[in-house]
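Residue-level listing of the chains:
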Amino acid sequence: MQIIVNFFITFTEMVDSQYYLPNDIGISALDCREAFRLLSPKEQMYAHYLSRASWYGGLIVLIQTSPESANIYVLLQKMFRAQAPQQLEAAATAAGLSAEEYQAFLVYAAGLYANMGNYKSFGDTKFIPNLPKFKALVWESLAFKQSPGDMEALWGCCCESLYSLEDKQKQLSLGEKGISAYFSGNCCLEDAEFAQKFLDSKNLSAYNTRLFKTEIDGKRCYEVRLASGKSEVCCGKHEFEDAVFSVKRGDYAFLMEKVCQNLEKAKDCAANDNQKRMLEEYIRSFTCGSVEAHKEGSRYWIKDKGPIVESYIGFIESYRDPFGSRGEFEGFVAVVNKAMSARFAQLVSSAEDLLPELPWPPAFEKDRFLKPDFTSLDVLTFAGSGIPAGINIPNYDDIRQTEGFKNVSLGNVLAVAYATQKDKLTFLEENDKDLYIKWKGPSFEVQVGLHELLGHGSGKLFVQDDKGKFNFDQTAVRNPETGELISSWYKGSETWDSKFSTIASSYEECRAECVGLYLCLNKQVLSIFGNEGEDAEEVVYVNWLNMVRAGLLGLEFYTPESKSWRQAHMQARFVILRVLLEAGEGLVGLKECTGADGRPDAVITLDRSKIYTVGKSAIQRFLCKLQVHKSTADVEGGRALYEGYSAVTADGTHNFLRLRETVLLRKEARKMFVQANTYIKGTYDAVELVEYEGSAAGLIQSFVERFPDDAENVEAQLLEMTCMDSSCWC
């Protein structure tokens, strides 16, 4: 009985601690000095202005994340502009904070900057300060002594939500399941679905929108806000079924104007006409709120082959929209790593030989493979809520299907993000740990390459356009699962995101991950990445081992109360784990046990002798099903398949709900990254790069110095935008 009681106490403490960032969280600086140094003065200037545009746009994520994020950001900025972290420590001591509590404060602040809000970018759970004396520190700070009225008002705006762990505020979601600043507080999933029907009817994209709902004289009224520098009271009012929709420009207007101003300056430093036309279209998009203009800019971006300075900016990824249609603002600027890019170029050259190996009929593959750029980049700037390891963009299906795309692997992110210490490796047998540490980097490099290029870059969507024209022969193409002629497809303005909505992101990540697992078994692929013989076999083994371990780790991102997943990639990896466990024949083993510390533990194993037989067959069958449902717009079948494997229950061979508790007990916090700043020197003909140490203080200082010319104006505008929206969250 005592063991059960002790476990309950430990687990209760763990449940609370999952909402804190640990004091020893990993924080690493992204090294880009050598890459930046090798740029010409004009290229450095181009990178500088693109970075400025990205950083201003990145502040939009504060407003997209939660009602309180911008207020907390401004509070911290004022404190740290008045006193650097080292100076503020004396005030912390005077306020009665211990050294550990002050470190917890610094980690919280760093976390808010790194995630651009008080919800984790990877997992969408809230994090709160791990100290009770936050207010005492604010009151003791120099910023408070200089402007007590302003600081007290700021504290009043965010103090309650800063610590609140009410059920609805624990995670980002919609309705009673959580909060989402993409929607007013009174919106639910049915409102999101209804709004999508309206947007589809007007051929409008949801990517750059937010939705606000009111009721007037008993009639539903919706306001669709377009992100744009240009503000207009209304650019369209529409009766739709039993509701009224108003479409308005001007969301985030101040920040969008700042983005455009810097893109105009970058245009003067562009290397070619494609870059100039790209930036002109982005400026048009961000000024008027036109997704079509952004798509046009993306077309020029695709045509800009092999640039030395690579970038992309806009409302890009829809992971955090609970409905899956609205994009979070993101902007990155990076410099090409020529040696690693040569390997990716080889993979691109081999793509047409590799695509036919994928387990679906030729009719389900694109009519022709549009060879993309695939480069390895060292990140200079990545503004948004987090930094991925690789990217496949643009996300516009109509462009990717017929015009092309680009893939990037972020080399300096990979170099520091996936370094692993043996003593922190969980859920592996001891004899697997050394192998895992040695080969995780090379195997992940292969997986990222295949995932981005041949995962997201493969597969055809069957479409009937507005004029009734089909992009396939509907009298001949058959469903390989049933043998019947296909009976469903995308119509008119329907897209993958709008059709599959809430599961679209995770489903697509799962499909791409499966492509990586399947094609990493190909000797040609392994050779391209410099892996031959026994080394190649180790890369395959660790790649598959990493995937099944990631599937178990994914349980951290499942919320039992709402039966929902909070992270697309981790849901995808859990699904793959389920598929491989179901394959049986001893391919994957998952056993619960007690760890050396006496706490619950688990061990996952993989029989390497069965990867090429049992494993390959299982992924082959599952991958074909994923593609068929996607190609044919079969939402009902796709949901049944994907949500079936996504279910986390206590039934069956494995009690995944209990395993989730074990995963939470032993979880390790995700790393944060410190990025450099660039400044134009006084002569206006040279750009200076300033880097910071890989610590919470370094990350904080990088943000304090990010807007040197107009920090107070930026903060005032953020507060004004937040204040205007405040009534929408009541």
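- Per an unreviewed UniProt entry, the protein carries the name Dipeptidyl peptidase 3 and comes from Sinocyclocheilus anshuiensis.
- The UniProt entry for the protein carries this comment under Catalytic activity (unreviewed entry): "Release of an N-terminal dipeptide from a peptide comprising four or more residues, with broad specificity. Also acts on dipeptidyl 2-naphthylamides."

Some remarks on the overall build of the protein
- Helix and strand counts for the protein stand at 28 helices and 19 strands.
- Its C-alpha atoms give the protein a radius of gyration of 25 Å, near enough to 27 Å, the size a compact globule of 730 residues would have.
- Taken over the C-alpha atoms alone, the protein extends approximately 75 × 70 × 60 Å along its principal axes.
- Considering the protein as a whole, with its 730 residues, one finds that 60% of them fall into the buried category.
- One finds the centroid of the 79 positive side-chain charges in the protein at a distance of 2 Å from the centroid of its 101 negative side-chain charges.

Focus on the UniProt feature "binding site: Zn(2+)" (unreviewed entry) in the protein
- UniProt marks H451, H456 and E509 with the feature "binding site: Zn(2+)" (unreviewed entry), using the numbering shown here. These annotated residues cover 59 residues of sequence, and their C-alpha atoms lie no more than 8.3 Å from one another, placing them together at a single site.
- With respect to the secondary-structure elements, H456 resides in the loop between helix 18 (430-455) and strand 11 (463-464).
- Using a relative accessible area of 8% as the deciding quantity, one classes H456 as buried.
- Those residues in contact with H456, other than ones at most four positions away along the chain, are N392, R400, H451, E508, E509, R511 and A512.

A word on the sheet that holds strand 7 (residues 328-336)
- Taken together, five strands build an open sheet; the order of strands is 6-7-8-10-9 and the sheet is mixed. The open sheet terminates on both sides in strands that have one partner only, identified here as strand 6 (309-317) and strand 9 (390-393). Each strand of the sheet is rotated relative to its neighbour by a mean of 35°, with strand direction disregarded.
- By the bridge criterion, five bridges tie strand 8 (residues 373-383) to strand 10 (residues 406-410) in an arrangement that is parallel. Paired with F374 across the bridge in strand 10 is N407.
- On the sheet, helix 14 (residues 291-303) packs against strand 6, strand 9 and strand 10 and is oriented at approximately 150° with respect to strand 6.

As for the sheet that holds strand 5 (residues 243-251)
- The sheet built from four strands is open, its strands ordered 2-3-5-4 with mixed pairing. Only two strands of the sheet have a single partner each, and these edge strands are strand 2 (209-216) and strand 4 (237-240). Each adjacent strand pair in this sheet contributes to an overall mean axis angle of 25°, direction not counted.
- For strand 2 and strand 3 (residues 219-227), the ladder comprises eight bridges, and the chain directions are antiparallel. Bridged to R210 within strand 3 is R225.
- Sheet strands touched by helix 11 (residues 189-201): strand 2, strand 3, strand 4 and strand 5. Its angle to strand 3, the strand with the most contacts, is close to 65°.

Things to note about the UniProt feature "active site" (unreviewed entry) in the protein
- UniProt feature "active site" (unreviewed entry): in the numbering of this structure it lies at E452.
- Considering the arrangement of structural elements, one finds E452 in helix 18.
- Excluding its chain neighbours within four sequence positions, the residues that come into contact with E452 are F374, G390, I391, N392, N407 and G457.

Concerning the packing of aromatic side chains
- Going through the model one piece at a time under the given rule, you end up with 44 aromatic pairs.
- These aromatic residues form a ring-pair network of at least three members: F80, Y102, F105, Y108, F127, F134, W139, F144 and W155.
- Taking the ring centre of F122 as reference, the NZ or CZ of R670 above it sits at 3.8 Å.
- Above the plane of the ring of W55 lies R706, whose end atom (NZ or CZ) is 3.7 Å from the centre.

Description of the environment of S350
- Residue position: S350 is located in helix 15 (residues 338-354).
- A residue is classified by how much of its surface remains accessible, and S350, at 9% relative accessible area, is buried.
- Residues S350 and A206 lie 144 residues apart in sequence; the distance between their C-alpha atoms is 36 Å.
- Apart from residues lying up to four places away in sequence, S350 is in contact with Q524 and I528.

Considering the nonpolar core
- Of all hydrophobic cores here, the largest spans 119 residues; its most connected members are Y73, F80, F105 and L718.
- The leading source of residues in this core is helix 7 (residues 99-115), at 10 residues.
- A domain split of this core shows at least three residues from each of domain 1 (1-25 + 67-171 + 693-704) and domain 2 (189-253).
- Ignoring sequence-local partners within four residues, the contact set of L718 consists of L59, L62, I63, A70, Y73, V74 and L255.
- Among the nonpolar cores identified, the runner-up in size contains 93 residues, and C514, L580, I619 and A633 belong to it.

So, the domain arrangement of the protein
- As far as domains go, the protein holds domain 1 (1-25 + 67-171 + 693-704), domain 2 (189-253) and domain 3 (421-587 + 608-648).
- Using C-alpha coordinates to define each centre, domain 2 is positioned 35 Å away from domain 3.
- Each partner contributes residues to the interface: domain 2 has five residues there, and domain 3 has four residues.
- At the boundary of domain 2 with domain 3, total buried surface from both sides reaches about 340 Å², with 44% on carbon and sulfur atoms.
- Considering only the surface of domain 2 that becomes buried against domain 3, Q196, D200 and N203 emerge as the three largest contributors, covering 70% of it.
- Counting the contacts that link domain 2 with domain 3 gives zero salt bridges.
- Put simply, domain 2 and domain 3 have two residue pairs in polar contact (both at pLDDT 80 or more) between them.

Structural notes on the pattern of salt bridges
- Scanning the model with the defined rule gives 47 salt bridges in all.
- With a closest N to O distance of 3.1 Å, E328 and R320 form a salt bridge.
- With its nearest N and O atoms 2.5 Å apart, the salt bridge here joins K523 to E537. Of this pair, K523 sits in helix 21 (residues 523-528) while E537 sits in helix 22 (residues 533-553), placing them 14 residues apart in sequence.
- Residue classification places K523 among the partly exposed positions, given a relative accessible area of 49%.

A few points about unusual backbone geometry
- I393 connects to P394 through a cis peptide bond whose omega is 5°.
- Mapped onto the fold, P394 is located in the loop between strand 9 and helix 16 (397-402).
- With phi around 50°, D217 is a residue other than glycine that occupies positive phi space.
- Position of D217 relative to the elements: it lies in the loop between strand 2 and strand 3.
- The exposure class of D217 is exposed, given its relative accessible area of 81%.
- For K563, which is not glycine, the phi dihedral falls at a positive 50°.
- Mapping K563 onto the fold places it in the loop between strand 13 (558-559) and strand 14 (564-565).

Thresholds, definitions, all that
- Residues numbered from 1 in each chain as written.
- Predicted model: local features only at pLDDT ≥ 70, side-chain atom pairs only at ≥ 80, totals over all residues.
- Heavy atoms only, no water.
- UniProt positions renumbered as here; feature names shortened; annotations may be inferred.
- Helix = DSSP H or I, 4+ residues; strand = E, 2+ residues; numbered from the N terminus.
- Rg over C-alpha atoms; globule rule 2.2 N^0.38 Å.
- Buried < 20%, exposed > 50% of the residue type's maximum accessible area, 1.4 Å probe, protein only.
- Lys, Arg positive; Asp, Glu negative; His and termini not counted.
- Charge placed at Lys NZ, Arg CZ, Asp CG, Glu CD.
- Contact = heavy atoms within 4.5 Å.
- Pairing = 2+ DSSP bridges.
- Axes fitted to C-alpha atoms, helices over the stretch in contact; angles between N-to-C directions.
- Phe/Tyr/Trp six-rings, centres within 6.5 Å; stacked < 30°, edge-to-face > 60°.
- Lys NZ or Arg CZ within 6 Å of the ring centre and 35° of its normal.
- Core = buried A, V, L, I, M, F, W, Y, C linked by side-chain atoms within 4.5 Å.
- Domains from an automatic or database assignment.
- Buried area = accessible area lost by both parts, 1.4 Å probe.
- Salt bridge = Lys/Arg side-chain N within 4 Å of Asp/Glu carboxyl O.
- Polar contact = N/O pair within 3.5 Å; in protein donor to acceptor, adjacent residues only side chain to side chain.

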